[in-house]
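One letter stands for each residue in the lines below.
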Amino acid sequence: MAKCIIIGGGITGLSTAVYLSKFGHEIELIESSPKLGGRTYSFFSNSFQTEIDNGQHLLMGAYKYTLDFLKLTNAIDKLELQENLKVVYINKFGGKLKIDASKYFYPFNLINAIYNFNALNFNEKLNFIKFIIFLPFQNKSSLENLSVIEWLKKKNQSINSIKSFWEILTVSVLNTNIDEASAYLLKKMLIKIFFAGNKSSTIIIPKENLNKIFVDSTLEFMKQKKFTYSVSEKLENIKIDKNVVKEIRTNKRTFTQFDYLILAITPYQIRKIICNENLIDNNFDKYETSAIISVNLKLKENFMTEKFVALIDSKIHWIFNHGEFITIVISDANRYVEFPQDIIVEICISELQKYFKEFKKEFVFESSVIKEKRATIKSTPNFEKIRSKVNSKISNLQFAGDWTNTGFPQTIESAIYSGLKAAKKICS
């Protein structure tokens, strides 16, 4: 049994702790902020008089490692799982257009869903289906230098098809606009979504807040393990001697008795640590981050009947219905992130007025805006090449995080898998 210190109490750190404990190791987790959960936490809003998530997360049935993790921590019942893929899209005319795979059996249900997606004309549907069918034959060398938009145009996807489907999907799973996003990474996700069984294409939404799903369930699971954690404690210094981490120092303590150190934090945070050796490749100085903005609007009257919808060719991408309030998600939100909160709320209200005839501005009587300025690193072809080389040269040091070489977009799935991957390396 090894003593492992994990730096970072976000979903990556929690995943690493769970899997290391499963292998029987002793774990101490240290988090610099006053809370655990990272991007998956909740807080009580006085103005809304309820728990609000720091950002709405959309999961998919293709997120195998996320679902396995939540089964392990007994949190799977806190999610609402679709039987078949069903998404409602709203266009600028207020029209509701559905992708509904509830008819027929897999994979014909998915083909039928696309065939009946009335945002596309007949030729666009045909080209869409051809594109999906030939996905497995697209090799890495033909895609690794392409952006998503370049790839889609080469495969005869129309502007309307791109605006009505591909743009929303890309920004949702990669948090990167189609002009910059990696075609190869999107292809890998599409294979998982369309070729791994019916459940992989389905949408999963939380039934409870993120604290209950990810943080509370994990801590409950870890009660019977050799596990301790602290918050509001920041790693400041690492001392390495003969390719081994010998000592770490936080703003509160010094540690010398441990076997492994796992840095479950971002490259930006790693760069701030004082160390007598270079911890991470200099190429990580060149990456760009992409923001996510979540806007919560408390309503006097709820105009939505669906639990969630996607907006076609809008400044906002998804709306989630929580009854007394809605949550609006803007992915790849760098252009808005420095806007004042009231301006962002006005943008959202303006979009709602365009897309929903039933909506009136006076329905809104409370709002909150949550900005994740460095939510993810942009999933560009160049960054995919950089992350493919992520590897610690220090014998008892491991990196974990959605930015590491997981093969997934920088989502919860990537974060959780990176924790499992780090744990397996330590145990190998």
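So, here is what we can say about the structure in this document. (Residues numbered from 1 in each chain as written. Predicted model: local features only at pLDDT ≥ 70, side-chain atom pairs only at ≥ 80, totals over all residues. Heavy atoms only, no water.)

The next point concerns the packing of aromatic side chains. This structure, assessed with the given rule, holds 24 aromatic pairs. With a centroid separation of 5.5 Å and 85 degrees between ring planes, the pair formed by phenylalanine 105 and phenylalanine 108 is classed as edge-to-face. A residue is classified by how much of its surface remains accessible, and phenylalanine 108, at 47% relative accessible area, is partly exposed. Geometrically, the ring pair formed by tyrosine 287 and phenylalanine 383 is edge-to-face, given 6.4 Å between the ring centres and 65 degrees between the ring planes. With tyrosine 287 in the loop between strand 15 (274-275) and strand 16 (289-299) and phenylalanine 383 in helix 12 (residues 381-387), this pair connects stretches of sequence that are 96 residues apart. Given a relative accessible area of 3%, phenylalanine 383 falls into the buried group. Counting every residue linked through ring pairs, the aromatic cluster contains Phe128, Phe131, Trp151, Phe165 and Trp166. (Phe/Tyr/Trp six-rings, centres within 6.5 Å; stacked < 30°, edge-to-face > 60°. Buried < 20%, exposed > 50% of the residue type's maximum accessible area, 1.4 Å probe, protein only. Helix = DSSP H or I, 4+ residues; strand = E, 2+ residues; numbered from the N terminus.)

The subject of this paragraph is the sheet that holds strand 15. Spatially, the four strands line up as an open sheet ordered 13-12-11-15, and their pairing is mixed. In this open sheet, the two edge strands, each paired with only one partner strand, are strand 13 (254-255) and strand 15. (Pairing = 2+ DSSP bridges.)

Now for the layout of surface pockets. Approximately 1,100 Å³ is the volume found for the largest pocket. Lining the largest pocket are 46 residues, and of these Glu31, Gly38, Ile265, Thr266 and Gln269 lie nearest its centre. Residue assignment for the lining of the largest pocket shows that the elements contributing at least two residues are helix 1 (11-22), strand 11 (235-241), helix 10 (267-271), strand 20 (364-377) and helix 13 (412-427). It is strand 20 that contributes the most residues to the lining of the largest pocket, seven residues altogether. (1 Å grid on protein atoms, 1.4 Å probe; cavity = no way out; pocket = protein on both sides within 12 Å on 5 of 7 lines; lining within 4 Å. Points joined across faces, edges and corners; volume = space filled by probe spheres on them.)

What follows is about the side chain of serine 331. Among the structural elements, serine 331 can be located in the loop between strand 19 (325-330) and helix 11 (341-355). On the accessibility criterion, serine 331 (7% relative accessible area) is buried. Residues within four places of serine 331 in sequence aside, it is in contact with Val171, Asn175, Ala291, Ile292 and His317. (Contact = heavy atoms within 4.5 Å.)

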